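Listed here are the chains, written in short residue letters.
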Amino acid sequence: MSKTVAEKASKFTPELLSPAGSLDKLKVAISYGANAVYLGGLKFGLRSAAENFTEEELTEGVGFAHNKGAKVYVVLNGFLHDKDLEELPSFVQFLDSLEVDAVIVSDLGVIKTVLENSSIPVHLSTQASCLNVESAKLWKTMGVERIVVGRETSIAEAGLIKKEANIEVEMFVHGSMCMAYSGNCVISNFTQGRDSNRGGCAHSCRFEYSIDFDHLESEEKKKAYFMSSTDLNGIKVLPEYIEHEIDSIKVEGRMKSHLYAGTISKTYSEALNHYEQNGDFLSNQLLDWEKELNKITHRTYAPANLVEKAGEETIFNERETATDNDYVLVGRVVDTFKEEFIVIEVRNAFNLGETIELLPFNGPAIEIKLDKIHNLLNHEISRSKPSSLVKLPFVPGAALNNILRRKVLQ
Amino acid sequence: MNLITYVNSIDQLEKCNESGLKQVILEHKVVSRFGKLNTSEFIAISTRARELDISIALEWDVLMTESEFSLKSDVIIELKDYFQSVRVQDAGAINFAVTKLDKKIQLILESANHNLVAVENWVSFVGEKLERIVLSIELEKSVLKEYCEKLDHPVEFLGLGRILLFYTPRNLLSTLLPQDDEKRTKSMTSGKFLEATGESEESPHKGFPLIENSHGTFMFHIKRLFLLEHISEMNDFGVDTVRIDMRFDNVFEIDKIKELSTSTEIAKVYKTNYPFDVIKGYFNINKTDVLFKKLKNTRIQRKDSSYIGEVIEIVKGEYMAIVIKKNSISVNDEVTFITPEGKEMSCKVFFLKNSNSEDIETASKDQLCLINYFGGVWPKSQVYLNTSI
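These figures come from a predicted structure and were not determined experimentally.

> I'd like a rundown of the overall build of chain B, residues and numbers included.
The helix and strand inventory of chain B stands at ten helices and 21 strands. In terms of overall dimensions, chain B is more spread out than a globule: its C-alpha atoms have a radius of gyration of 30 Å, far above the 21 Å expected for 389 residues. A principal-axis box enclosing the C-alpha atoms of chain B has dimensions of 95 × 55 × 45 Å. Residue burial in chain B is summarised as follows: out of 389 residues, 56% are buried. For chain B, the share of sequence-separated contacts (at least 6 apart) that also reach a separation of at least 24 residues comes to 65%. For chain B, the exposed surface amounts to about 15800 Å²; the carbon and sulfur share of it is 47%. For chain B, the distance from the average position of its 49 positive side-chain charges to the average position of its 58 negative side-chain charges is 2 Å.

What follows is the structure, given as structure tokens:
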């Protein structure tokens, strides 16, 4: 018997968890619909090259998020050495004072330090490669309240882990993927002297390698980006996440742009909101959302292990710069003036006469035909420059932190 | 000091016996990353080991999704009469071994676990079944010494062998072969290996050994870890067992290694004649975090309560645009800029305008404002009130 819309609408809907590589990106992600964000402080995480958050920024970011009803999870997912651990208690106590909603941890020493120094809930990072029910049960006894399952786990397996271990599960839905079992790659450690599990990953898996097979006599080596993974895109299988009651769907990408943070948050939140209100997805809508996700920088998309074991099609055998993005970030709204004009902080140049798009927090993208561009001295200009400020006529629906994009001329 | 090694045949087992080893590691092709033995071969070696009074440690080191877990654990149960200890790394395997298996446990903590709190808590979880702790080769010797002193359980450390850099369950090599290459499908068969070497123009290291088998694809360091001349030093630290990994060698020289483990000088001679390039890894010191400071510009991080915001545009001779991120700024304030290059400079706010070029007295959080131009300041410079940085 088919369920009524009302029955379907009462169904469980996952949390949308977006990356926040900086305070600005946190505001963008939450404004565009993320239910929660994850971010790193200046230490203890896995993105040493990211902007990350100072204590002041953390304070402001948590305040902003909580004011909007969003949660903040702080990553402490490095595999820390003893000397790193010495500095952790005071930071954990600081996070506790901010009332962050959870910390994401992969190291048992860090878990115990967090539990001894705070009342912050602990989520187990994907770095710990928790892949099965027995593993989840173990981590639960260690005090973990949520498992971010390893990327090798299917949605159905994650659902089983939740059910059998009686624990919350979080799962990646979008973004770049490690090819290795997370936490089990130390290429950077031994070839570049940078600990990949303390934030120094040099992305050696994205290099092109010449492969010389032992059994082949030919002198010719096979050249391939054989360790590079395609990007994950789970929009088409969102119904499966819901069916298996995955508590949180997570987007990778703390190092990525404002356009990325905004687009993925907007697209996935629109999809989840639609489901929450209607109890189902329509295939044409899934296609529309998929088109939106093609507008951000990405490698070839694949569903990785979400439904079936990742196969040959999940190897991104191309140079790293060969990405498939259709659009580039034009800039971000940094000021609006009395519904007269908006001020854009320009990231990629655009010209008079072009059409750009503004992404409002709700609703479809708004096309803007550039009939006039002014600089802040009110001089008309024909071309904007990166890292400059320009004024455009006000567009209804525009707001601070909106992002603007432009189609790439192919 | 005990030595332990991997055994793949009865011949190798006999050599271990002759060298006085009391325990060896057996790998089964279903549960061990580099296992080649099927069940009957495993049982045959185990049976002979029992006759020789040699204890068997079964290496259960594959990582497993839930779908694979029961298949692997079934093999463990099937073999339960043929091993005395189980070596586990996957947290699920650890939990299974603790709660469902009546065997001694050798806890593989080689992936991470670089702090004593973690190690002690794993030890506590495993409890009385714990036989030995296998520690990470990323621990430098001073830390290894400290752990040996503080832990109540025997410690094992790799003394000789390949350094595993990368482990994925995906088949990355066979896909590069032509469809008609018989190795293309064989590597996906349990116990069969597809081997190659790889090098990249983006890395100075040439000739990374690569293996694909039914458990996935593995990449190793181009050099072997060689710590045999430090065995007596490790013995002094209190390391209980040194592991000798000859699985990827053409010769099985456990007898020679047993002999040289008693003498640093003999070990040095052995090293000279050893057919592979070697390194000591992080045994002397691990400084893999020192480069982190160079990965980002700390000068553009906001610092204290006098923080105001960031310069986002400069028009020479006209104005500097600042996004106010905290506090507020007023006409006649003294402000200090810290540029991305680290230069500090101060100036007085002579005028303050909004984005419509209207004069304003004060600009507060989240506002965009324009102030008088000051030479030497760059976009992304951080702005602080007064001079108290």
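That shown, we press on.
> With reference to specific residues and values, describe the pattern of salt bridges.
A side chain of one charge can pair with a side chain of the opposite charge if their charged atoms are brought near each other. Residue and element names in this part refer to chain A. Counted by the stated rule, this structure contains 49 salt bridges over all chains. Here Arg332 makes a salt bridge to Asp24, at a shortest N to O gap of 3.3 Å. With Arg332 in strand 13 (residues 327–337) and Asp24 in helix 2 (residues 23–31), this residue pair connects regions lying 308 residues apart in the sequence. Across this residue pair, the class does not change: Arg332 and Asp24 are buried. For Glu292, the salt bridge identified is with Arg405, shortest N-O distance 3.0 Å. Placement of the pair is Glu292 in helix 12 (residues 283–293) and Arg405 in strand 19 (residues 403–407), with a sequence separation of 113 residues. When sorted by exposure, Glu292 lands in the same class as Arg405, which is buried.

> So what's going on with the interface of chain A and chain B? Which residues, and what values?
Across the contact, 95 residues belong to chain A and 95 residues belong to chain B. For the chain A and chain B pair, buried surface summed over both sides reaches about 8000 Å², with 58% attributable to carbon and sulfur atoms. For chain A, the biggest contributors to the area lost against chain B are Glu134, Tyr181 and Phe190 of chain A; these three give 10% of the whole. Linking chain A to chain B there are eight salt bridges. Residue Asp366 of chain B pairs with Lys27 of chain A through a salt bridge whose shortest N-O separation is 3.8 Å. Across the side of chain A that touches chain B, the residue classes break down as 41 nonpolar, 24 polar and 30 charged. Examined bridge by bridge, strand 8 (residues 209–213) of chain A and strand 8 (residues 194–199) of chain B share four bridges and lie antiparallel to one another.

> Account for the packing of helix 3 (residues 55–67) of chain A against helix 5 (residues 88–98) of chain A, with residues named and values stated.
Residues and elements named next belong to chain A. Orientation of helix 3 relative to helix 5, taken along the N-to-C sense of each, is 30°, at an axis distance of 10 Å. One way to sum up the angle between helix 3 and helix 5 is to call them roughly parallel. Considering how the two elements wind past one another, helix 3 and helix 5 form a crossing that is right-handed. Where helix 3 abuts helix 5, its residues Glu55, Leu58, Thr59, Val62 and His66 lie against Phe91, Phe94, Leu95 and Leu98. Split into classes, the residues belonging to the contact of helix 3 with helix 5 amount to six nonpolar, two polar and one charged.

Conventions adopted
Chains are numbered independently. Their residues run from 1 in the order of the written sequence. The naming scheme follows written order: chains are lettered A onward, ligands numbered 1 onward. With the structure being a predicted model, the display of local features is reserved for residues of pLDDT at least 70 and the display and counting of side-chain atom pairs for 80 or more, all residues being used for whole-chain, interface and lining totals. Hydrogen atoms and water are omitted, and side-chain values are computed over all heavy atoms in the structure. Runs of H or I in DSSP of at least four residues are treated as helices and runs of E of at least two as strands, each being numbered from the N terminus. All radius of gyration figures rest on C-alpha atoms, and the globule criterion is 2.2 Å times the number of residues raised to 0.38. Relative accessibility thresholds used throughout: buried, under 20% of the residue-type maximum; exposed, over 50%; partly exposed, between the two (1.4 Å probe, protein chains only). Any two residues whose heavy atoms approach within 4.5 Å at even a single point are treated as in contact. Areas reported as accessible are Shrake-Rupley estimates using a 1.4 Å probe. Residue values count occlusion only from the protein chains shown. The charge count includes Lys and Arg as positive and Asp and Glu as negative, but it does not include His or the ends of the chains. For this purpose, a charge sits on NZ of Lys, CZ of Arg, CG of Asp or CD of Glu. A pairing counts as a salt bridge when a side-chain nitrogen of Lys or Arg comes within 4 Å of a carboxyl oxygen of Asp or Glu. Note on terms: buried area is the combined drop in 1.4 Å-probe accessible area of two parts once they are placed together, counting the loss on both. Put simply, Ala, Val, Leu, Ile, Met, Phe, Trp, Tyr, Cys and Pro go in the nonpolar bin, Asp, Glu, Lys and Arg in the charged bin, and everything else, Gly too, in the polar bin. Strands are treated as partners if at least two bridges between them are detected by DSSP. Comment: axis = line fitted to C-alpha atoms, over the contacting stretch for helices; angle = value between 0 and 180 degrees taken between N-to-C directions. An angle counts as roughly parallel when it lies under 35 degrees, as roughly antiparallel when it exceeds 145, as roughly perpendicular when it falls between 65 and 115, and as oblique in every other case. Handedness of a crossing follows from how the near helix is turned relative to the far one, being left-handed for an anticlockwise turn of less than a right angle and right-handed for a clockwise one.

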